[in-house]
Amino acid sequence: MSELSTQVDEELDFDPDVLREKYREERDKRLRADGNEQYQEVVGDFSNYIDDPYIEEVVEREPLKDETDIIVIGGGFGGLITGARLREAGFERVRIIEKGGDFGGTWYWNRYPGAACDTESYIYLPLCEELGFVPKEKYTHAPEILQHSRNIGNHYDLYREAFFQTEVTGMEWLNDEVRWLVRTNRGDEMRARFVVMSNGPLNRPKLPGIAGISEYRGHTFHTSRWDYAYTGGGPEGNLDKLADKRVGIIGTGATAVQCIPHLGRGAKELFVFQRTPSSIDVRANRPTDPEWAASLKPGWQRERMENFNTLTSGGIVEEDLVQDGWTEIIRNLISMANYRGKDTDWSKVPYLMEIADFKHMNQIRDRVDSIVEDQKTAEALKPWYRQFCKRPCFHDEYLPTFNRENVHLIDTEGKGVEAITENGIVANGQEYEVDCIIFATGFEVGTEYTRRAGYDVVGQDGLKLSEKWADGMRSLHGLHVRGFPNLFVMSNSQAAFTTNFPHAMDACAKHMCYILTKCRDENISTIQPTREAEDAWVEEIISLSRYNEDFLVSCTPGYYNNEGQPNPKSIQNGAYGKGSNPYFRKMVAWREEGNMPGLEIT
Ligand code: NDP
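Note that residues are indexed from 1 along each chain, following the sequence as it is written. The predicted origin of the model limits local features to residues at a pLDDT of at least 70 and limits the giving and counting of side-chain atom pairs to 80 or more, whereas totals for whole chains, interfaces and linings rest on all residues. Excluded from the side-chain calculation are hydrogens and water; included are all heavy atoms of the structure.

1. Section: the environment of Thr288
Then, number 1: In this description a helix means any DSSP run of H or I spanning at least four residues, a strand means any run of E spanning at least two, and both kinds are numbered starting from the N terminus. Among the structural elements, Thr288 can be located in the loop between strand E11 (280-281) and helix H10 (290-295).
Then, number 2: Residues Thr288 and Ser313 lie 25 residues apart in sequence; the distance between their C-alpha atoms is 26 Å.
Then, number 3: With residues up to four places along the chain from it excluded, the contact list for Thr288 reads Tyr122, Val134, Pro135, Lys136, Glu137, Lys138 and Ala293.
Then, number 4: Within 3.5 Å is the distance limit for a polar contact, defined as a pair of N or O atoms, with the added protein rule that one can donate a hydrogen and the other accept it, and that residues adjacent in sequence qualify only through two side-chain atoms. A polar atom in the side chain of Thr288 sits 3.4 Å from the backbone nitrogen of Glu137. Residue contacts follow a heavy-atom distance rule, with two residues in contact if any of their heavy atoms lie within 4.5 Å.

Shown next, in the form of structure tokens:
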């Protein structure tokens, strides 16, 4: 043990080795051979789980055979920000294709009661300054986010050429025409010079692959397709139709944490089936102070976004503008380690990070004890892993819900639900009869890109994207793929991963805009990465990922670590390992070179 660890350990009121061992034990209980294969894909008999419950009617229209300049697939934040930046750069013919009935993406689908964003609204909602908008609360709720998405669509006139209720089924590069041909489930054949794929990172709901799941006779749905006709109420709660119902909810991730307080209040009885508890930090939401809003100076949103992003990537700032649970861990570290940028001994940082994390998670576990009255329930609700092994949650009503007499935590000690029967759910060898099962079981993450997208892409010489990426993603900057000219991929794979997703999307949109503007102004007909540039980028991604490898392996399973099975492919599909700010700086430096290095231009 180093001198530093001995010194720090002497000052601690816990033993780091004991915690390390406990974390290992808890992780081992949850490791399973089937990893990502444990889930049931929502296809065939299960496809009704992804029907759109929010559209009033299916819009009938004739199939379209036409051409535009740029097609953007996906009308969520990624597509909207791209559309907005393209409009600002003077692009008129921009078409967004979206399978939902409106813009909003994840916020179109996730309308469950209590749905809200854990990232501060002032940095999360894109284009606030451009729209002259300040959100109502520090943590905005889903209806305001959905409305903001529509406002972006209106402000930038993106509805003009958008197609909703339309799902892309395939894409093909037409070499002779130098165009993409995009096919949809409406029989459309749309041509475009450029395509941006912004399918969303968590767009495809998944179900647990539990024996008997199709036998169940009661009512059932996934949280991302909330059935208010059955539950009554709305996104603000008041689920009055559940007053005589016994409800079972499977899953205790970020979604479940937000809807469980409403289910607890509404249902006659609620059974919460838990495999791994989430860490539940303080929320402390509050309305926006009108004086503060009026005092904001031009450039305030970008400044705040960058401040947050620097802090959550481990950087130093003069002042923490956001001051919330996300930035707290790094504040802890600063005060603990006298961590001061260039004077820091970087070799000590991982150890100090771990200690700061232990301290923080001890607070999280103490918080459970201080709120949950029943000791056995409190013990079961304590998370035993490092904070960023799973997505941290922030809520002030979730834990008190377990003090209600009608709410029962069914903890499965890491094993999960065993089976589903005609009448209910089996866990720990016992059957719980319920009128309704709600799956809060999340979204596909580690599966093939084209499976999650719902379509394959055929590039030059008949090469399919699914084949090209069969052994892992290959790209330049996460954006361009050799063999697929004029195609842009918007995702955090091989690109920037941030806590505040829209920040990375905006950086990506601006980068694409720069390239598209050059193509327009310099009459460039195609761009694609050279083989050398693509190979070098993949190499860089793999070599940088080693920084993170030990951490991922030590974590409890979840979608952050490919369900406990990080492997060369999942690592290759990961984000740029130095963090988002270095990635953003790299993109800026690349643009400043002016000649688009690494891209083959015709
Ligand atoms: P998650 O993937 O985070 O959670 C799925 C849950 O289902 C986990 O608790 C998982 O347990 C559980 N589960 C899966 N299979 C079984 C089984 N067989 N038996 C029992 N439990 C099972 O999905 P969410 O929808 O909660 O969240 C997805 C993401 O969406 C978040 O990580 C976040 O990025 C985003 N989100 C963001 C919000 C925001 O505020 N901005 C709010 C809500 C979601 P286990 O942990 O053991 O795998």
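Now that the structure has been shown, the text picks up again.
2. Quick word on the site of the ligand
Then, number 1: Definition of nearness: a residue and a molecule or strand are near each other if at least one heavy atom of the residue lies within 4 Å of the molecule or strand. Taken together, 26 residues lie near the ligand, and Asp118, Thr255, Thr276, Lys390 and Tyr559 sit nearest.
Then, number 2: Contact between the ligand and Lys390: an oxygen atom at 2.7 Å from a side-chain N or O atom of the residue.
Then, number 3: At 3.0 Å from a nitrogen atom of the ligand is found a main-chain nitrogen or oxygen belonging to Val417.
Then, number 4: Note on areas: Shrake-Rupley with a 1.4 Å probe; residue coverage comes only from the protein chains shown. Look at the ligand: alone it shows 920 Å² of surface, and the protein chains cover 89% of it.
Then, number 5: In terms of residue count, helix H9 (residues 254-266) provides more of the shell around the ligand than any other element does, three residues in total.
Then, number 6: Polar here means any residue outside two lists: the nonpolar Ala, Val, Leu, Ile, Met, Phe, Trp, Tyr, Cys and Pro, and the charged Asp, Glu, Lys and Arg; Gly therefore counts as polar. Looking at the shell around the ligand, its residues break down into 13 nonpolar, nine polar and four charged.
Then, number 7: Taken together, domain 1 (34-60 + 206-278 + 392-442) and domain 2 (67-204 + 445-601) each give at least three residues to the shell around the ligand, which thus spans both. Domain ranges listed in this record stem from an automatic or a database domain assignment.

3. Some words on the pattern of salt bridges
Then, number 1: In what follows, salt bridge is the name for a side-chain nitrogen of Lys or Arg lying within 4 Å of a carboxyl oxygen of Asp or Glu. Within the structure shown, the criterion is met by 48 salt bridges.
Then, number 2: A salt bridge links Arg85 to Glu88; the shortest N-O distance between them is 2.8 Å. Here Glu88 and Arg85 lie together in helix H3 (residues 77-88), a separation of three residues that amounts to about one turn.
Then, number 3: One salt-bridge network, in which partners are shared between bridges, spans Arg85, Glu88, Glu130, Arg302, Glu306, Asp506 and Lys510.

4. Structural notes on the packing of aromatic side chains
Then, number 1: Two rings from Phe, Tyr or Trp (for Trp, the six-membered ring) form a pair when their centres sit within 6.5 Å of each other. Planes less than 30 degrees apart are called stacked, planes more than 60 degrees apart edge-to-face, and all others tilted. Taken as a whole, this structure holds 31 aromatic pairs when the rule is applied.
Then, number 2: Between Trp226 and Tyr228, the aromatic rings sit 6.1 Å apart at their centres with planes inclined by 45°, giving tilted as the arrangement.
Then, number 3: Burial classes follow relative accessibility: with a 1.4 Å probe on protein chains only, a residue under 20% of its type's maximum area counts as buried, one over 50% as exposed, and anything between as partly exposed. With a relative accessible area of 1%, Trp226 lands in the buried category.
Then, number 4: What makes Tyr228 buried here is its relative accessible area of 17%.
Then, number 5: Each ring, one from Trp537 and one from Tyr576, has its centre 5.4 Å from the other, and the planes form 5°; the classification is stacked.

5. Quick notes on the state of the cysteines
Then, number 1: Disulfides are defined in this document as cysteine sulfur pairs within 2.5 Å. For the structure on display, the rule yields one disulfide.
Then, number 2: Paired by a disulfide, Cys389 and Cys555 hold their sulfur atoms 1.9 Å apart. Taking the torsion about the S-S bond as the criterion, the Cys389 to Cys555 disulfide, at about -80°, is left-handed. Of the two residues, Cys389 is situated in the loop between helix H14 (375-380) and strand E12 (393-394) and Cys555 in the loop between helix H19 (531-554) and helix H20 (568-572); the sequence distance between them amounts to 166 residues.
Then, number 3: On the basis of relative accessibility, which here comes to 3%, the residue Cys389 falls in the buried class.
Then, number 4: Looking at Cys555, the relative accessible area reads 2%, which means it is buried.
Then, number 5: Cys513 takes part in no disulfide bond, and the closest cysteine sulfur, belonging to Cys508, lies 10 Å away.
Then, number 6: The thiol sulfur of Cys519 is not disulfide-bonded, and the nearest other cysteine sulfur, from Cys513, lies at 11 Å.

6. Brief notes about the pairing of strand E2 (residues 65-73)
Where a strand is regular, its side chains alternate between the two sheet faces.
Then, number 1: As paired elements, E2 and strand E6 (residues 189-197) share eight bridges and run parallel to each other. Bridged to Asp66 within E6 is Met190.
Then, number 2: One ladder, built from four bridges, connects E2 with strand E3 (residues 94-97); its direction is parallel. Paired with Ile73 across the two strands is Ile97, which belongs to E3. Pairing between strands is defined by DSSP: at least two bridges between the two strands are required.

7. Re the sheet that holds strand E10 (residues 269-274)
Then, number 1: Taking strand neighbours across the sheet as the criterion, the five strands line up as E8-E17-E9-E10-E13 in an open arrangement whose pairing is parallel. The open sheet is flanked by strand E8 (219-222) and strand E13 (407-411), the only strands paired with a single partner. The mean inter-strand angle of the sheet, taken between neighbouring strand axes irrespective of direction, is 15°.
Then, number 2: The strands touched by H9 are strand E9 (246-250), E10, E13 and strand E17 (436-439); relative to E9, the strand with the most contacts, the crossing angle is about 170°. For every element, the axis is a line fit to its C-alpha atoms; helices are fit only across the contacting stretch, and the angle between N-to-C directions ranges from 0 to 180 degrees.

8. Description of the sheet that holds strand E14 (residues 419-420)
Then, number 1: Strand order across the open sheet formed by three strands is E14-E15-E16, with antiparallel pairing between neighbours. Whereas interior strands pair on both sides, the edge strands pair on one side only; in this sheet they are E14 and strand E16 (430-433).
Then, number 2: The sheet contact formed by E14 and strand E15 (residues 424-427) spans two bridges and is antiparallel. Each residue of the ladder has a partner; that of Ile420, found in E15, is Ile425.

9. A look at helix H7 (residues 142-155)
Then, number 1: In this analysis, the expected span of each helix is defined as 1.5 Å times one less than the number of residues it contains. Over its 14 residues, H7 runs 20 Å from end to end, which matches the ideal 20 Å to within 8%, given 1.5 Å per residue.
Then, number 2: Here H7 has its buried residues at Ala142, Glu144, Ile145, Leu146, His148, Ser149, Ile152 and Gly153.
Then, number 3: Against H3, helix H4 (106-109), helix H5 (121-124) and helix H6 (128-131) lie the buried residues of H7.

10. As for the domain arrangement of the protein chain
Then, number 1: Parsing the protein chain into structural domains produces domain 1 (34-60 + 206-278 + 392-442) and domain 2 (67-204 + 445-601).
Then, number 2: With 36 residues of domain 1 at the interface, the matching set in domain 2 holds 23 residues.
Then, number 3: Summed over both partners, the accessible area lost on bringing two parts together, with a 1.4 Å probe, is the buried area. Here domain 1 packs against domain 2, burying approximately 2400 Å² in sum over the two surfaces, 49% of which is carbon and sulfur.
Then, number 4: For domain 1, the biggest contributors to the area lost against domain 2 are Asn36, Tyr54 and Gln258; these three give 26% of the whole.
Then, number 5: Inspection of the domain 1/domain 2 interface yields one salt bridge.
Then, number 6: Of the charged contacts, one joins Arg451 and Glu41 as a salt bridge, the two residues approaching to 3.4 Å between their closest N and O atoms.
Then, number 7: If you list the elements that add at least two residues to the side of domain 1 that touches domain 2, you get strand E1 (39-41), H9 and E12.
Then, number 8: At five residues, the largest contribution of residues to the side of domain 1 that touches domain 2 is made by H9.

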